[in-house]
Amino acid sequence: MSITGAAALGIGAVFFTLYLRSQQKEIAALISICASLILFTAALPQFETILSGIRELSADSGVGETAELLIKALGISAAAQITADICREAGESAVGTQVELFARAEIAVLSLPMAVRLLEMARGMLA
Amino acid sequence: VKRALLCAFAGAVMIVLFCGSACAEEGIAAELYGEELEQFSAVLPDELPPELRGALRAPDGVETAADALDFSAVWARIAAEIRDAWPSAAALMLRLMGLLMISALFGGCGKALGGSSLTPACELCSTLCTALAAAEPLGAMLNSCRGYLETMTELVNGVTPIACALCAASGQLNTAAVSRAALMLLYTLYQNLYTVLLLPAVRIEFCFGIIGSIGAGVRLDALSRGVRRVFTWLLAMLGLVLTFTIGVQNVIAKSTDSFTMRTVKFALGSFIPLVGGALSDALGTAAGSLSLIRTACGAVCMAAVLILAVPLIVQLVLNRTVLALCRGAAEMIGCEREGRLIGEMHGVVGTLLAAAAMVSLLFLLILALLIGMRSTGG
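Residues numbered from 1 in each chain as written. Chains lettered and ligands numbered in written order. Predicted model: local features only at pLDDT ≥ 70, side-chain atom pairs only at ≥ 80, totals over all residues. Heavy atoms only, no water.

K.L.:
Just to check I follow, could you spell out the overall build of chain A for this structure?
P.N.:
Helix and strand counts for chain A come out as 4 helices and 0 strands. In sequence order, the secondary structure elements of chain A are arranged as α-α-α-α. A compact globule built from 127 residues would reach a C-alpha radius of gyration of about 14 Å, whereas chain A, at 20 Å, exceeds it by more than 25%. Projected onto its principal axes, the C-alpha positions of chain A cover 70 × 35 × 10 Å. Taking all 127 residues of chain A together, the buried fraction comes to 31%. At a minimum sequence separation of 6, the contacts of chain A that also span at least 24 residues come to 44%. When the accessible surface of chain A is split by element, carbon and sulfur atoms take 69% of a total near 7900 Å². (Helix = DSSP H or I, 4+ residues; strand = E, 2+ residues; numbered from the N terminus. Rg over C-alpha atoms; globule rule 2.2 N^0.38 Å. Buried < 20%, exposed > 50% of the residue type's maximum accessible area, 1.4 Å probe, protein only. Contact = heavy atoms within 4.5 Å. Areas by Shrake-Rupley, 256 points an atom, 1.4 Å probe, with all protein chains shown as cover.)

Written as structure tokens, this is what we have:
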């Protein structure tokens, strides 16, 4: 999908949402969610290109493992952000906050091995 | 009775110093000080060229040692060490730069997503990655420093008996006593420097650096800077006091020895009939010959320090430069936390560099004072 298509889809979705919001809230919310998911799915190939570039760069720099970890954290962050926004859009801000909390916990779990290695390094120095 | 005592003393001095003179002149001083020379040779680094290792026993030992300390030879060694150490420093730079680029990209993507609640978690993840990459070579550098200090301690331990034996043999008993005291002081300092000063300073700086970079809003860089200043000030003061004290003691001992030597020479020349003048001259020759061996020993020690210190100092300087470059790059691309962390690691490497430089300089200074000086009797 090109940017023109994405823009057209976005504007169309907003138009229909605004039109239907006063009469059928549920349908409007569904349209909004569908449009968001379609746009996100359409953007995934672009992300794939960026990620392969980052992977190449990180492999050349010798930080492949670390880059993978950061990419995972970025993916978690993106997915959580979109989900939380959709939840808030649907009026379920509590669910959105929980999703963000879950994502933060997952990123913390992801960072844990590094934190442990760093602490071990510090402990090794302090021993 | 006085005359008899004087004659007996002169005879004893004559026997001891004539033996020393003959041995030194014929190049068999090694037999006299064989054990000390063996002990000294054992602590010399393996990288020392064989001709330099054998300089102590060779008649032209001073020239051989002086050639090793030649300006071009020193530069050639530094260049060779830079060539050897550059790949690892370049790898560190590549890794850090790569991480910084990814962190910057990551930060940009995070901001683009607009999630303020998720940004701190992502930043923490990114900072941890950089902290690991920046801290990993620190352990290796610390180990190199410890190894260097251990080798220097062994070198001081090895050089002490030979330096004192040579001083005492050339009639400089006070200088020998001062040499022993100074070298033992240096030995104690080297033995304790790592555990008492260097390691605590590095630990504190490292921990402050990690906490300051990971903890959002926690700024501990001023404290680390303070620790670094105290450490370098302590090192400088220690070096200054030690050099000054040993210098003053050395001058006093040298004057006393000179007076004693002149008195003995005068006594020999005046009170021993016929051969007194010849004995007096021989005494001077003996002291001069032993001074030559002592100078060769000092020059070999200096070459050994150079060979030991250059790899470590080159490694530390290169890594420090790389860290400084990466800190600059981090600040340029907006990775403030990563830049701060790399800056802290840069400071830690600076502390290690200060310790290595001080240890080498202090040894060279004390060596120049104790072994490199000319015989007072010659």
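The discussion continues.
K.L.:
Where do I start with the overall build of chain B in this structure?
P.N.:
Tallying secondary structure elements over chain B gives 11 helices and 0 strands in all. In sequence order, chain B lays out its α and β elements as α-α-α-α-α-α-α-α-α-α-α. Buried residues in chain B amount to 51% of all 378 residues. At a minimum sequence separation of 6, the contacts of chain B that also span at least 24 residues come to 83%.

K.L.:
Any chance you could explain the interface of chain B and chain A here in plain terms?
P.N.:
Quoted interface sizes are often the accessible area lost when the parts come together. Taken together, the contact between chain B and chain A spans 32 residues of the former and 31 residues of the latter. Buried surface at the junction of chain B and chain A, both sides included, amounts to about 2900 Å², of which 82% is carbon and sulfur. Connecting chain B to chain A are 0 salt bridges. In this assembly, chain B and chain A are joined by 0 residue pairs in polar contact (both at pLDDT 80 or more). Looking at the side of chain B that touches chain A, the elements with two or more residues in it are helix H6 (71-113), helix H7 (119-169) and helix H8 (173-214) of chain B. Of the residues contributing to the side of chain B that touches chain A, the split by class is 24 nonpolar, 5 polar and 3 charged. (Buried area = accessible area lost by both parts, 1.4 Å probe. Salt bridge = Lys/Arg side-chain N within 4 Å of Asp/Glu carboxyl O. Polar contact = N/O pair within 3.5 Å; in protein donor to acceptor, adjacent residues only side chain to side chain. Nonpolar A, V, L, I, M, F, W, Y, C, P; charged D, E, K, R; others polar.)

K.L.:
What is the right way to look at the packing of helix H2 (residues 25-61) of chain A against helix H3 (residues 64-89) of chain A in this model?
P.N.:
Angle between the axes and distance between the axes are the two parameters that describe a pair of packed helices. Residues and elements named next belong to chain A. Their axes nearest at 12 Å, the elements H2 and H3 cross at an angle of 170°. In terms of their interaxial angle, H2 and H3 are classed as roughly antiparallel. The two elements H2 and H3 meet at a crossing, and its hand is right-handed. Along the contact surface, H2 presents Ser32, Ile33, Ser36, Phe40, Leu51, Ile54, Arg55 and Ser58, while H3 presents Gly64, Ala67, Glu68, Ile71, Ile82, Ile86 and Glu89. For the contact of H2 with H3, the class distribution of residues is 8 nonpolar, 4 polar and 3 charged. (Axes fitted to C-alpha atoms, helices over the stretch in contact; angles between N-to-C directions. Parallel < 35°, antiparallel > 145°, perpendicular 65-115°, else oblique. Left-handed = near helix turned anticlockwise from the far one by under 90°.)

K.L.:
Help me understand a nonpolar patch on the surface, please; the structure alone is not making it clear to me.
P.N.:
Residues B:Val230, B:Trp233, B:Leu234, B:Met237, B:Leu240 and B:Val241 make up a contiguous nonpolar surface patch of about 570 Å² in total accessible area. By the element assignment, B:Val230 lies in helix H9 (residues 221-271). (Patch = residues over 30% accessible without salt bridge, like charges linked within 9 Å, V, L, I, M, F, W, Y side chains within 5 Å.)

K.L.:
Just checking my understanding: could you explain the packing of helix H1 (residues 3-21) of chain A against H2(A) for this structure?
P.N.:
Residue and element names in this part refer to chain A. Where H1 contacts H2, the axes come no closer than 8 Å and their chain directions differ by 170°. Between H1 and H2, the angle falls in the class roughly antiparallel. Residue-level contacts link Ala6, Leu9, Gly10, Ala13, Phe16, Thr17, Leu20 and Arg21 of H1 to Lys25, Ile27, Ala28, Ile31, Ser32, Ala35, Ile38 and Leu39 of H2. Of the residues contributing to the contact of H1 with H2, the split by class is 11 nonpolar, 3 polar and 2 charged.

K.L.:
Please explain the nonpolar core as it appears in this structure.
P.N.:
Side chains of nonpolar character tend, in soluble globular proteins, to be buried together. Core analysis: the largest hydrophobic core is formed by 107 residues, its most contacted members being B:Met152, B:Leu186, B:Tyr190, B:Leu198, B:Leu316, B:Met345 and B:Phe363. At 23 residues, H7(B) tops the list of elements feeding residues into this core. (Core = buried A, V, L, I, M, F, W, Y, C linked by side-chain atoms within 4.5 Å.)

K.L.:
What's the story with H2(A) in this structure? I'm lost.
P.N.:
Along an α-helix, residues three or four apart share an orientation, since each turn contains 3.6 residues. Residues and elements named next belong to chain A. A rise of 1.5 Å per residue sets the reference length of H2, with its 37 residues, at 54 Å; its end C-alpha atoms lie 51 Å apart and thus fit the reference within 8%. Within H2, the axis deviates most sharply at Leu44, by approximately 35°, and proline Pro45 lies no more than four positions further along. Considered for burial, the residues of H2 that qualify are Ala28, Ser32, Ala35, Ala42, Leu51, Ile54, Ser58 and Ser61. After H2 finishes, the residue Gly62 shows a positive phi value of roughly 80°. (Expected span 1.5 Å × (residues − 1). Bend = angle between axes of the 7 residues up to and from the residue.)

K.L.:
Just checking my understanding: could you explain H7(B) for this structure?
P.N.:
The end-to-end C-alpha separation of H7(B) is 74 Å, in line with the 75 Å expected for 51 residues at 1.5 Å each. For H7(B), the principal kink sits at B:Val159 and spans about 30°; a proline, B:Pro161, occurs within the next four residues.

K.L.:
Any chance you could explain the state of the cysteines here in plain terms?
P.N.:
In a disulfide, the sulfur atoms of two cysteines are covalently bonded to one another. All names here are of chain B. In this structure the tally under the stated criterion is 0 disulfides over all chains. The structure places no disulfide on Cys207, whose sulfur is separated from the nearest cysteine sulfur, that of Cys145, by 18 Å. Between Cys335, a free cysteine, and Cys326, which holds the nearest cysteine sulfur, the sulfur-to-sulfur gap is 11 Å. (Disulfide = S-S within 2.5 Å.)

K.L.:
Sorry if this is basic, but what is going on with the confidence of the model for chain B here?
P.N.:
Detailed reading of the predicted model is not advised wherever pLDDT is low. Residues and elements named next belong to chain B. Chain-level statistics for chain B give a pLDDT mean of 74 and a share of 68% at 70 or above. Within chain B, the lowest mean pLDDT, 47, falls on helix H1 (residues 2-25), and the highest, 83, falls on helix H11 (residues 336-370). The low-confidence segment residues 12-30, where pLDDT is below 50, has 27 contacts with residues more than four positions distant or belonging to other chains. Long-range and interchain partners of residues 374-378, a stretch whose pLDDT sits below 50, account for 18 contacts in this model, where long-range means more than four residues apart. Here the predicted complex scores 0.71 on pTM and 0.70 on ipTM. (pLDDT = per-residue confidence, 0-100.)

K.L.:
Explain the pattern of salt bridges here, please?
P.N.:
Proximity of charged atoms lets side chains of opposite charge pair with each other. All names here are of chain B. Summed over all chains, the structure comprises 6 salt bridges over all chains. Here Arg77 makes a salt bridge to Glu81, at a shortest N to O gap of 3.7 Å. Taken as a pair, Arg77 and Glu81 lie in helix H6 at a separation of 4 residues, close to a single helical turn. Looking at Glu81, the relative accessible area reads 16%, which means it is buried. The salt bridge partner of Glu205 is Arg228, with a shortest N-O separation of 2.8 Å.

K.L.:
Sorry if this is basic, but what is going on with the environment of B:Glu344 here?
P.N.:
All names here are of chain B. On the secondary structure map, Glu344 appears in helix H11. On the accessibility criterion, Glu344 (8% relative accessible area) is buried. Glu344 has contacts with Glu205, Gly209, Asp221, Ser224 and Arg228, leaving out every residue within four places of it along the chain. At 3.0 Å, the side chain of Glu344 forms a polar contact with the side chain of Ser224.

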